[in-house]
Amino acid sequence: MPGLLRGVVRTAAIAGTATAVSNRVSRRQAGRWARQEAQESPAPPPQAPAQPPPAAAAPSMEDKIAQLKELGTLKEQGVLTEEEFAAQKARILGS
């Protein structure tokens, strides 16, 4: 029996070593192929500059009034502080 057990352990050790070596060789080869493909692949063509989005139409006076009323409501509800309200009001009236 000891001889049989020794044979099984020896076979397992050899198989484990072979598997580890095989996996390492596979990873190294995959890395070489990836580097080779990166060197051989042509550079992507330069892209044309993106067109800027069309300028948004200036908000009408009715839109500004509606936004100011909404800001006033938010301020009354306590959502906006006085400073936030003033900053947003200046932004709306400045546009």
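The written sequence of each chain sets the order in which its residues are numbered from 1. In keeping with the model being predicted, local features are shown solely for residues with a pLDDT of at least 70 and side-chain atom pairs are shown and tallied solely at 80 or more, while totals for entire chains, interfaces and linings include all residues. Computation of side-chain values covers all heavy atoms of the structure but excludes hydrogens and water.

Colleague: Give a detailed account of the overall build of the protein, specifying residues and quantitative values.
Modeller: What the protein contains, in helices and strands, is three helices and zero strands. Helix numbers and strand numbers start at the N terminus; a helix is a DSSP run of H or I with at least 4 residues, a strand a run of E with at least 2. From first element to last, N terminus to C terminus, the protein shows the α and β order α-α-α. For every residue, the accessible area (1.4 Å probe, protein chains only) is compared with the maximum for its type, and the residue is labelled buried under 20%, exposed over 50%, or partly exposed between those bounds. When each of the 95 residues of the protein is scored for burial, the buried share is 6%. Surface accessibility follows the Shrake-Rupley procedure with a 1.4 Å probe radius. Residue values consider only the protein chains on display as shielding. Roughly 8500 Å² of accessible area belongs to the protein as shown, and the carbon and sulfur atoms make up 61% of that amount.

Colleague: Go over the pattern of salt bridges with me, naming the residues and quoting the values.
Modeller: Salt bridges are counted wherever a side-chain nitrogen of Lys or Arg sits within 4 Å of a carboxyl oxygen of Asp or Glu. With the rule as written, the count across this model stands at one salt bridge. Residue Glu82 is joined to Lys75 by a salt bridge in which the shortest nitrogen-to-oxygen separation is 2.9 Å. For Glu82, a relative accessible area of 45% corresponds to the partly exposed category. With relative accessibility at 31%, the residue Lys75 sits in the partly exposed group.

Colleague: An account of the packing of aromatic side chains is requested, with residue identities and associated values reported.
Modeller: Between 30 and 60 degrees the pair is tilted, below 30 it is stacked and above 60 it is edge-to-face, where a pair is any two Phe, Tyr or Trp rings, Trp via its six-membered ring, whose centres lie within 6.5 Å. Going through the model one piece at a time under the given rule, you end up with zero aromatic pairs. Charges are assigned to positions over rings by a cutoff of 6 Å between ring centre and Lys NZ or Arg CZ, combined with an angular limit of 35 degrees from the ring normal. Stacked on the ring of Phe85, the Lys or Arg Lys75 has its end atom at 5.0 Å from the ring centre.

Colleague: Describe in detail helix α2 (residues 61–76), supporting the description with residues and values.
Modeller: Look at α2: 22 Å from first C-alpha to last across 16 residues, which is about the 22 Å you get at 1.5 Å a residue. Listed as buried for α2 are Lys64, Leu71 and Gly72. Down the axis of α2, the sector holding all buried residues measures 100 degrees, keeping them to one side. Of the exposed residues in α2, those oriented more than 90 degrees away from the buried face are Glu62, Lys69, Glu70 and Glu76. Whether two residues touch is decided by their heavy atoms; if any such pair falls within 4.5 Å, the residues are in contact. On the buried face of α2, the contacting elements are α3 (82–94). Here a helix's expected span is defined as the number of its residues, less one, multiplied by 1.5 Å. Here the arc refers to the directions that run from the helix axis out to each C-beta atom.

Colleague: Just give me the short version of the packing of α2 against α3, but keep the residues and values in it.
Modeller: Axis angle and axis distance: for two packed helices, these are the angle between their axes and the distance between the axes, and together they describe the pair. Two elements in contact, α2 and α3, have axes whose closest approach is 10 Å; the angle formed by their N-to-C orientations is 180 degrees. With respect to α3, the element α2 is oriented roughly antiparallel. Contacts between α2 and α3 involve Lys64, Gln67, Leu68, Leu71, Gly72 and Lys75 from the first element and Glu82, Phe85, Gln88, Lys89, Ile92 and Leu93 from the second. Three categories are distinguished: nonpolar for Ala, Val, Leu, Ile, Met, Phe, Trp, Tyr, Cys and Pro, charged for Asp, Glu, Lys and Arg, and polar for the others, with Gly belonging to the last. Of the residues assigned to the contact of α2 with α3, the class counts are five nonpolar, three polar and four charged. Only the stretch in contact is used when a helix axis is fitted, and all axes are lines through C-alpha atoms; the angle between N-to-C directions ranges over 0 to 180 degrees. In what follows, roughly perpendicular refers to angles from 65 to 115 degrees, roughly parallel to angles under 35, roughly antiparallel to angles over 145, and oblique to any angle outside these ranges.

Colleague: With reference to specific residues and values, describe a positive patch on the surface.
Modeller: Residues forming no salt bridge and having over 30% relative accessible area are the ones grouped into patches, like charges within 9 Å of each other and nonpolar side chains (Val, Leu, Ile, Met, Phe, Trp, Tyr) within 5 Å. Only four residue types enter the charge count, namely Lys and Arg as positive and Asp and Glu as negative; His and the chain termini do not. A charge is said to be at NZ when it belongs to Lys, at CZ for Arg, at CG for Asp and at CD for Glu. Residues Arg24, Arg27, Arg28, Arg32 and Arg35 make up a contiguous surface patch of positive charge. Tracing the backbone shows Arg24 in helix α1 (residues 2–40). Judged by its relative accessible area of 51%, Arg24 is exposed.

Function cannot be read off these values alone, since they describe shape.
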